[in-house]
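Spelled out, the chains give:
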Amino acid sequence: MDKFTNWMEEHFLPIAMKIGSQRHLVAIRDAFIGIMPITMVGSVAVLLNVFVRDLPTEWGWTGFVDAMQPLIGINGNVWFGSIAILALTFVFSLGYNISQSYNVNPLAGGVVAFSSLIVTLPQAANFSFALPDVSPDSLDALVDLGVQAQVVGEGVNIDVGGWGYIGLNYTGAAGLFTALIIGLVSSMIYVKLMTRGITIKLPDTVPPAVSRAFTAIIPGIVAIYVAAILGYLSVSIFDLAIGDLILEYIQRPLLGLSQGLFSVVLVTFLVQVFWFFGLHGHNVLAPIMDGVYLPALISNTDAYQATQSTADLPYIWTRGSFDAYAQMGGAGITLGLIIAIFIFSKRKDARAIAKLSAPMGVFNINEPVIFGMPIVLNPFYIIPWLIIPPITATIAYLLTKYGFIPPTFVVVPWVMPAGIHAYLSTGGSLLAGLVALFNLFISFVIWTPFVLLANRVNKIDAEEL
């Protein structure tokens, strides 16, 4: 075990540290963190509508639902101003964080990234519908108004088009990968031109705010025009908007790969490996966990908002699934370890750490356990530490896949206690909450032999003294 640990410290740890500190990956992580307020408020709106509209409707409480219509409408507006425009807010946050990491004007960087995404979006909308009761004799009048119309049986088929629309298909979860790619490209063009001094320079007597704005003009123009050209070429060559191109050939394949059990277990396992060596596993893997699994969560939110049903949610496993079923008490489900220590441990040091850690462990903060026991670089605890989350993730994944519990579709704060998190993130599924508590019990069962073994180690050490 010592040889393995030494080899990992020598070869794996330096690579992991470089990944964890790579500025672009850090900027992506911080960009997702930056949009957390609107992600959360949109999810609160969806969750409220579950409890004031969807569940009461199932129970036949029509009077209650009617009385709640003002709140239901407000929740819909909140969703429209948060989850529905998530890609737009994310691209600004990404541009801001990348620019800040290079010590150039971050506000201008966010604005440039935002504009760069907008110039790639389709600008026209077309609507087709039939008017069975309209006389075909009125076709001439419709054509004079610029409406394409044709006779269909005894009615009229109408095609209406217009310019100046931004579709929600490009601004919500489906547009996150496009926002990520366009934001990275445009922000880096802006940053490189800024750092190389290809800017408009004004005298020192000009107010700083004005000077900063003028300095960003040339880099901003170049970045936005590059994005516009890419968008134009995508439509000209592939007859697809660049967002549709990325969605079809990058985002959907990645999301598809992420939904396999092997992918879920691998990500869960890697989080534990990074933490074992003292690195924040969730932060290191944030570009994957947030970049891939968060869009899956928001897509499930959008699907539920459209259908008000969990029957046809598109993704089995999302970002919230990790927290709900494989991170209760924090990485390694150390809440199970704390419970095992309270029941079985005879070691004063372990019990003291458990008493200090328990209040925070309930809310999934477990650094006191990780560094206090310690678990980091401690071969004694490596087996339960590495295997518990993959096992519990597998249990929840299979139960979700085969329809026993619904997929998670509501963003819930990661500090929510075990069971409650799963209950809320699945829109009020009691069984999901029970599965989370069962997983906590599984972690307790696996941690217990190692707590008992630690008692024997303590006894042997005392006899040697």
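Cut-off values and rules
Residues numbered from 1 in each chain as written. Predicted model: local features only at pLDDT ≥ 70, side-chain atom pairs only at ≥ 80, totals over all residues. Heavy atoms only, no water. Salt bridge = Lys/Arg side-chain N within 4 Å of Asp/Glu carboxyl O. Helix = DSSP H or I, 4+ residues; strand = E, 2+ residues; numbered from the N terminus. Buried < 20%, exposed > 50% of the residue type's maximum accessible area, 1.4 Å probe, protein only. Phe/Tyr/Trp six-rings, centres within 6.5 Å; stacked < 30°, edge-to-face > 60°. Axes fitted to C-alpha atoms, helices over the stretch in contact; angles between N-to-C directions. Parallel < 35°, antiparallel > 145°, perpendicular 65-115°, else oblique. Left-handed = near helix turned anticlockwise from the far one by under 90°. Contact = heavy atoms within 4.5 Å.

### Looking at the pattern of salt bridges
No. 1: The tally for this structure, following the rule as stated, stands at 6 salt bridges.
No. 2: Residue Asp 290 pairs with Arg 319 through a salt bridge whose shortest N-O separation is 3.2 Å. Of this pair, Asp 290 sits in helix H16 (residues 286-307) while Arg 319 sits in helix H17 (residues 319-325), placing them 29 residues apart in sequence.
No. 3: Taking relative accessible area as the criterion, Arg 319 reaches 15% and is therefore assigned buried.
No. 4: One salt-bridge network, held together by shared partners, links Asp 290, Arg 319 and Asp 323.

### Some remarks on the packing of aromatic side chains
No. 1: Within the structure shown, the criterion is met by 16 aromatic pairs.
No. 2: On the numbers, 4.4 Å between centres and 20 degrees between planes, the contact of Tyr 304 with Phe 409 is stacked. Residue Tyr 304 is found in helix H16, and its partner Phe 409 is found in the loop between helix H21 (382-401) and helix H22 (420-425); the two are separated by 105 residues along the sequence.
No. 3: With 6.3 Å between their ring centres and 40 degrees between their planes, Trp 317 and Tyr 325 make a pair best called tilted. You'll find Trp 317 and Tyr 325 in the same group, each marked buried.

### Section: the packing of helix H6 (residues 86-101) against helix H10 (residues 176-195)
No. 1: At a closest axis distance of 9 Å, the pairing of H6 and H10 adopts a crossing angle of 30 degrees. Relative to H10, H6 is oriented roughly parallel. Between H6 and H10 lies a crossing of right-handed hand. For the pair H6 and H10, the contacting residues are Leu 86, Ala 87, Phe 90, Val 91, Leu 94, Gly 95, Ile 98 and Ser 99 in the first and Leu 176, Ala 179, Leu 180, Gly 183, Leu 184, Ser 187, Met 188, Tyr 190 and Val 191 in the second.

Read these as layout, nothing more, since geometry by itself doesn't imply function.
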